[in-house]
Amino acid sequence: MDLPLVVGVDGSEPGYRALDWAADEAALRGVPLRVVHGSLWERYEGAALARSLGRPDTRDLAGEIVRVGAHRARERHPELPISLAALPEEPEYALVREGRNASLLVVGSRGRSGVVDLLLGSVGLFVAGHADCPIVVIRGNHDNRARTPVHGRIVVGVGDRSAAAVRFAAEEAARRGAVLHAVRAWRCPAHETIDHPLITGEPERVHEERAAQTLEAALADLPPEAKTERSTVEGPARRVLLGAAEEADLLVVGVRRRSGHFGLQLGRTAHTVLHHSPCPVAVVPERD
């Protein structure tokens, strides 16, 4: 049985924009869509207090949020199998648990509070740092669609451990008929000079050549028909990737997941692009 694509909704417009993208992605993949909402309102305040304040019972509100989401998804894709889950718990824990049996998790950039599309909210950040499966955070200026890309380009950042991220990005590019643009950032340490015993000629050239070799190795297993571009760019990885994302429909980065480590597992690069990317970001776990 195909694992579902899980999308988190909270009744906000960013959440429903994420749902639109997720519905298209599920249709592209040919997998069911699962619409999830998590809320602790009733647990903390109680249903009687909610009614006394003129607010609906949390169960009714949560159910309505996922029903509206399902209706919206069915309008886009009438044949798409959809399941619903309204869970009385923190949304970040609900989504991480749902991700254990999902092919992909999708969330919006922010919920009901804060500046939309400026910085990633706490739920998205927590899920990106703990999910077992790939997660896509819907950011930036896009048309809410995965099917009709604007730029026809999927960008993947190639690090020292990027096998899963490259594989994910290649599959996404193939589904859309898009170009896979693999980017490797490199830097020449300031202390390296032409007197360094391992360097002859220009130090910058040596580092750039190593970056090019890393790119070739990362893409070596792709099928020959894959449409690819390669870029080696000098500079910090987070700045280089944000620049490449300006003309991308999806930015893919890998993050290392350490067994037995329970803290937030996001590196500096992933953390930065999740907050500032101009396009949706996919975070793909790279296992030890």
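Residues numbered from 1 in each chain as written. Predicted model: local features only at pLDDT ≥ 70, side-chain atom pairs only at ≥ 80, totals over all residues. Heavy atoms only, no water.

Trainee: Looking at this structure, how should I read the overall build of the chain?
Mentor: A tally of helices and strands in the chain yields ten helices and ten strands. Taking all 288 residues of the chain together, the buried fraction comes to 51%. Summarising the internal contacts of the chain: among those between residues at least 6 apart in sequence, 78% fall at separations of at least 24. As presented, the chain carries roughly 14100 Å² of accessible surface, and 50% of it is formed by carbon and sulfur atoms. (Helix = DSSP H or I, 4+ residues; strand = E, 2+ residues; numbered from the N terminus. Buried < 20%, exposed > 50% of the residue type's maximum accessible area, 1.4 Å probe, protein only. Contact = heavy atoms within 4.5 Å. Areas by Shrake-Rupley, 256 points an atom, 1.4 Å probe, with all protein chains shown as cover.)

Trainee: What is the right way to read the packing of aromatic side chains from this model?
Mentor: Given two aromatic rings, their pairing is described by the distance between the two centres and the angle made by the two planes. Summed over the entire model, instances satisfying the criterion amount to one aromatic pair. A centroid spacing of 5.1 Å and a plane angle of 75° characterise the contact between Tyr93 and Phe126, whose relative ring orientation is edge-to-face. In this pair, Tyr93 is assigned in helix 5 (residues 91-98) and Phe126 in helix 6 (residues 122-130), connecting sequence segments 33 residues apart. Relative accessible area serves as the criterion here: at 42%, Tyr93 is assigned to the partly exposed category. (Phe/Tyr/Trp six-rings, centres within 6.5 Å; stacked < 30°, edge-to-face > 60°.)

Trainee: Before we go on, may I ask you to explain the pattern of salt bridges in this structure?
Mentor: A side chain with one charge can pair with a side chain of the opposite charge if their charged atoms come near. Across all of its chains, the model carries 16 salt bridges by this definition. One salt bridge connects Arg184 with Asp160, and the closest N-O pair in it is separated by 3.2 Å. Taken together, the positions of Arg184 in strand 7 (residues 179-186) and Asp160 in the loop between strand 6 (153-157) and helix 7 (163-176) put the pair 24 residues apart, joining distant regions of the chain. Look at Asp160 and you get exposed, because its relative accessible area is 71%. For Arg205, the salt bridge is made with Glu209, and the minimal N-O distance between the two is 3.0 Å. Residue Arg205 and its partner Glu209 are both found in helix 8 (residues 203-218); the two are separated by four residues, about one turn of the helix. Its relative accessible area of 37% is what places Arg205 among the partly exposed residues. (Salt bridge = Lys/Arg side-chain N within 4 Å of Asp/Glu carboxyl O.)

Trainee: Explain helix 5 here, please?
Mentor: Every buried residue of helix 5 is accounted for by Glu92, Ala94, Leu95, Val96 and Glu98. Contact partners of the buried residues in helix 5: strand 1 (5-8), strand 2 (33-38), strand 3 (82-87), strand 4 (104-108) and helix 6.

Trainee: Explain the packing of helix 9 (residues 237-244) against helix 10 (residues 268-276) to me, please; I cannot follow it from the model alone.
Mentor: Each packed pair of helices is defined by two parameters, the angle between the axes and the distance between the axes. Taken N-terminus to C-terminus, the directions of helix 9 and helix 10 make an angle of 35°; their axes are 9 Å apart at the nearest point. Here helix 9 runs over helix 10; the crossing is right-handed. Mapping the contact onto sequence places Ala237, Arg238, Leu241 and Leu242 in helix 9 and Arg268, Thr269, Thr272, Val273 and His276 in helix 10. For the contact of helix 9 with helix 10, the per-class residue count stands at four nonpolar, three polar and two charged. (Axes fitted to C-alpha atoms, helices over the stretch in contact; angles between N-to-C directions. Left-handed = near helix turned anticlockwise from the far one by under 90°. Nonpolar A, V, L, I, M, F, W, Y, C, P; charged D, E, K, R; others polar.)

Interpretation note: all reported values are geometric properties and have no functional meaning in isolation.
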